[in-house]
Structure formats: structure tokens, C-alpha cells
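Structural features, examined
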Amino acid sequence: MRSRFDDHAVASSIRWWQRWASWSGSAASGAAAVYGCVLLVAALTGYRSFLGITDLGLPDVTWPGAAVLLIGSGVAAATVRPWGVRVPPGVVSAGAWGVAALALTGSCWVLLNLIQLVLTGAVTDRHGNSDWVTFAERLCLAVVGALFVATALAHARRSAGVCPRCGRAHSPQVSGRRHPVPHAAPSAVRRIAYAGCCAFLPYLTLHALGAAGVPGIEPGGFRPTWSMVLAGVCGVGLAVFLLLGLVRPWGMVFPRWTLWLAGRRVPRFLPLAPVWVLAPTLALYGTGSGVLAGAGILGDGLLGIGGAASLAFGGYGWALAIAAVSYQLRTRPLCVPAKPIAS
């Protein structure tokens, strides 16, 4: 749906990535069409290992994946093509958000692949076999998912008659952008973030007891070393730092202890880029493993180390996602309407 906030009304000085609302729909449509066609050809030739799902004993999703991508290409096109105005906005929005959710869910394990790639220089499946194809599939789905999120957001704002970039109603002509004054997240979001920080305590406590020699905690009689526990504490400290930065004012402007950076605005991509890589993987991994632990598939149930890991990663992942949404809304640059020229 077109509105008075089309890209021709935006100042030409705005960089291309800041004009994401004007090109995200076309990019999402093209990316989904190419990916869907490739997957369709692969399915026709007998490929049945999309995302490595069948290796886990789950039904094949190659054909459904191709269908979702091809349908999604049409949905994204409806947000930018003239014929799209004949489709109810609610249907288009639901389709775009649905494709985004499915794509990001399918890509949720890409973080684990990236960590393995950095540490070992290779990507393998759970049997130790090379798994570059699955890694590429997940990485491409992450890109497609991000494009559909941008497309859905821009379409929703256009449908509401507000600026697709900043989400406010103002005159089409703008003279620049301004960033909001640093402030903390709402109290409800802060409480969720603090709970997410505390979610790691049972997990670290059980590992510490295992390192101390308490039997029956670690699977297979494994006993972690104190250096492993210390490394875990340091990793959790970094995770807590990232989460708190999303809900506190110092996450928007560098604080005094950052020396020469003090007082400068924190670029939005600096915390959000790692957050949106971490949050889906941790949230879905923790939730999924919690379901398996509750069903007794992991062996020790929800009261053992598996349940503690589910609470830690799932709780932190969902808290991180909620805090990230709040951070994006609070740090969103606002358009500055151009002042009318006096006659």
C-alpha cells in the first residue's frame, strides 16, 4: 500500500540503508523467489535434507519450505506493487509476519554453526560429517527472515498512514533525523531483563557443585574443572552485560568509564546485531530442550542439569528478545519535518 510517505519525498541525503522501508519489500520478494525456486528444483531432484530435519527423525520439510518461500515472495511483492492495494492489509501483514517467523525459526541453529566455524574452521552435523549445505540454508533463511521483518513493519506503518521509517505521522518532507534522549526501558521490561540475568544461577550452581565433586549432577560422571566453571562465569558475565545494556540508559550513550567514547551515541547495530543472532537460537534451544527434558527424553528431567540449561538459555533468550524489541523502539531515530519556507 502506498502512502504520502513514499521514498521520493525523503531527503536525498539519507543513506540507502536508512531508506530500508522503500526497498525491503522488493528485496524480500526477490530473495524468497530465488531461494524458493532453488529449493523447488532440489525437491524435484529428490533432495530431502533441508535444514537437516530428517537427520533428527522429523518429517521432511523441503516441499513445504519451497511453498512457503514462493508464497512469501508474492506476499512481499504485494507490499510494494500497485496490485497489492487490492489485497486486504491485514492479510498481507499476517502473511509477511508468518513467513518471517517461519524463516527465523528455521535459521535458529545458525548461531551454533557460526560458533563452530569460528572455533574449528569447519561446520559439521551431530555425527561429525561436513554440513556446509545445511549451514548455508540456515544462513539464507536468517537473511530472508530479517528482510520479511522489515517488509512487514514498513507495510504496517504505510497501512496506518504514518512514516514507514520512524513510525510517526508528519509531513512527507524531512530535513534530517534526531535520536531520542537516553532513558531506561519501562519497568516491566527491566524486571524481565533482571529475571533473564538470574536464569543462569541454577545452571552455574550445578556446574560448580559438579566441579566440587558432588556426584550425580553431570551426565556420564563428567566432572568439569574449575577453569571451565570460571570460563562459564565470564561468558555469563558478558551475556548479562549485553542484556543490561539494552534496558539501561548507558546502552544508548557510552558512559564515562569508556574514556574517549564517553558521551557519544552508541550505534544501534552494535548491540542489536549480536542480540538478534543470539536471541532466536537461545530462546528456541532453551524452550525445545525444556520440552524434551520435561518429557524425559533428556534423561534427567527438569530437575537436573538439562532442566537448568533449559531455564538458563531459554529464559535468557526470551528476555534478550523482549529487551531488544524495547531497545529498538526506544532508540529509533525520528524524522525531523522540514520547516515550510516563508513566502
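Residues numbered from 1 in each chain as written. Predicted model: local features only at pLDDT ≥ 70, side-chain atom pairs only at ≥ 80, totals over all residues. Heavy atoms only, no water.

Quick look at the overall build of the chain now. For the chain, the helix and strand inventory stands at 10 helices and 2 strands. When the elements of the chain are put in sequence order from the N terminus, they spell out α-α-α-α-α-β-α-α-α-α-α-β. Within the chain, the fraction of its 343 residues that count as buried is 41%. Within the chain, residue pairs in contact and separated by at least 24 positions form 72% of the contacts whose partners lie at least 6 positions apart. Element-wise, carbon and sulfur atoms account for 71% of the exposed surface of the chain, whose accessible area totals about 17900 Å². (Helix = DSSP H or I, 4+ residues; strand = E, 2+ residues; numbered from the N terminus. Buried < 20%, exposed > 50% of the residue type's maximum accessible area, 1.4 Å probe, protein only. Contact = heavy atoms within 4.5 Å. Areas by Shrake-Rupley, 256 points an atom, 1.4 Å probe, with all protein chains shown as cover.)

Helix packing geometry: the angle between the two helix axes and the distance between the axes. Contact pair helix H6 (residues 187-198) / helix H8 (residues 226-247): the axes reach a minimum separation of 10 Å and the direction vectors enclose 175 degrees. With respect to their mutual orientation, H6 and H8 come out roughly antiparallel. Listed contacts from H8 to Val189, Arg190, Ala193, Tyr194, Gly196 and Cys197 of H6 are Val240, Leu243, Leu244 and Val247. Among the residues making up the contact of H6 with H8, the classes are represented as 8 nonpolar, 1 polar and 1 charged. (Axes fitted to C-alpha atoms, helices over the stretch in contact; angles between N-to-C directions. Parallel < 35°, antiparallel > 145°, perpendicular 65-115°, else oblique. Nonpolar A, V, L, I, M, F, W, Y, C, P; charged D, E, K, R; others polar.)

Before going further, it helps to spend a moment on the environment of Pro333. One can find Pro333 in the loop between helix H10 (305-330) and strand E2 (334-337). Residues Pro333 and Gly167, 166 residues apart in the sequence, show an inter-C-alpha distance of 9.7 Å.

This paragraph deals with the packing of aromatic side chains. Inspection of every chain in the model, using the stated rule, returns 7 aromatic pairs. Look at Phe200 and Phe313: their rings are 6.0 Å apart centre to centre, the planes differ by 90 degrees, and that puts the pair in the edge-to-face class. Of this pair, Phe200 sits in the loop between H6 and helix H7 (201-211) while Phe313 sits in helix H10, and the two are 113 residues apart along the sequence. Residue class for Phe200 comes out buried when judged on its relative accessible area of 5%. Site record: aromatic cluster; members linked through ring pairs are Phe200, Tyr203, Phe313 and Tyr316. (Phe/Tyr/Trp six-rings, centres within 6.5 Å; stacked < 30°, edge-to-face > 60°.)

The next subject is the side chain of Ser24. Mapped onto the elements of the fold, Ser24 is located in helix H1 (residues 20-44). Given a relative accessible area of 1%, Ser24 falls into the buried group.

On to the pattern of salt bridges. The tally for this structure, following the rule as stated, stands at 1 salt bridge. Salt-bridge contacts for Asp60 lead to Arg48; the nearest nitrogen and oxygen are separated by 3.7 Å. Note that Asp60 is positioned in the loop between H1 and helix H2 (62-78) and Arg48 in the loop between H1 and H2, a separation of 12 residues in sequence. When its relative accessible area of 27% is taken as the criterion, Asp60 is described as partly exposed. (Salt bridge = Lys/Arg side-chain N within 4 Å of Asp/Glu carboxyl O.)

Judged by nonpolar contacts, the single largest core of 32 residues is most densely connected at Leu243, Leu246, Tyr316 and Leu320. Where this core is concerned, the elements lending two or more residues are H6, H7, H8, helix H9 (269-294) and H10. The greatest single-element share of this core, amounting to 11 residues, is contributed by H10. If we skip the residues at most four places from it in the chain, Leu243 touches Ala193, Gly196, Cys197, Tyr316, Ala319, Leu320 and Ala323. (Core = buried A, V, L, I, M, F, W, Y, C linked by side-chain atoms within 4.5 Å.)

Right, let's get into helix H3 (residues 89-106). A rise of 1.5 Å per residue sets the reference length of H3, with its 18 residues, at 26 Å; its end C-alpha atoms lie 26 Å apart and thus fit the reference within 8%. Inspection of H3 places Val92, Ser93, Ala96, Val99, Ala100, Ala103 and Gly106 among the buried residues, and these make up the whole buried set. In this fold, the buried residues of H3 make contact with H2 and helix H5 (132-159). (Expected span 1.5 Å × (residues − 1).)

Here we take up the side chain of His207. Summarising the element assignment, His207 is placed in helix H7. On the basis of relative accessible area, His207 is assigned to the buried category, the value being 17%. Those residues within four positions of His207 in sequence are excluded, and the remaining contacts are Glu218, Pro224, Val229 and Ile305.

Unlike most non-glycine residues, Leu51 shows phi in positive territory, near 65 degrees. Examined against the element boundaries, Leu51 turns out to sit in the loop between H1 and H2. The exposure class assigned to Leu51 is buried, which follows from its relative accessible area of 10%. With a phi close to 60 degrees, Leu259 is a non-glycine residue in the positive phi region.

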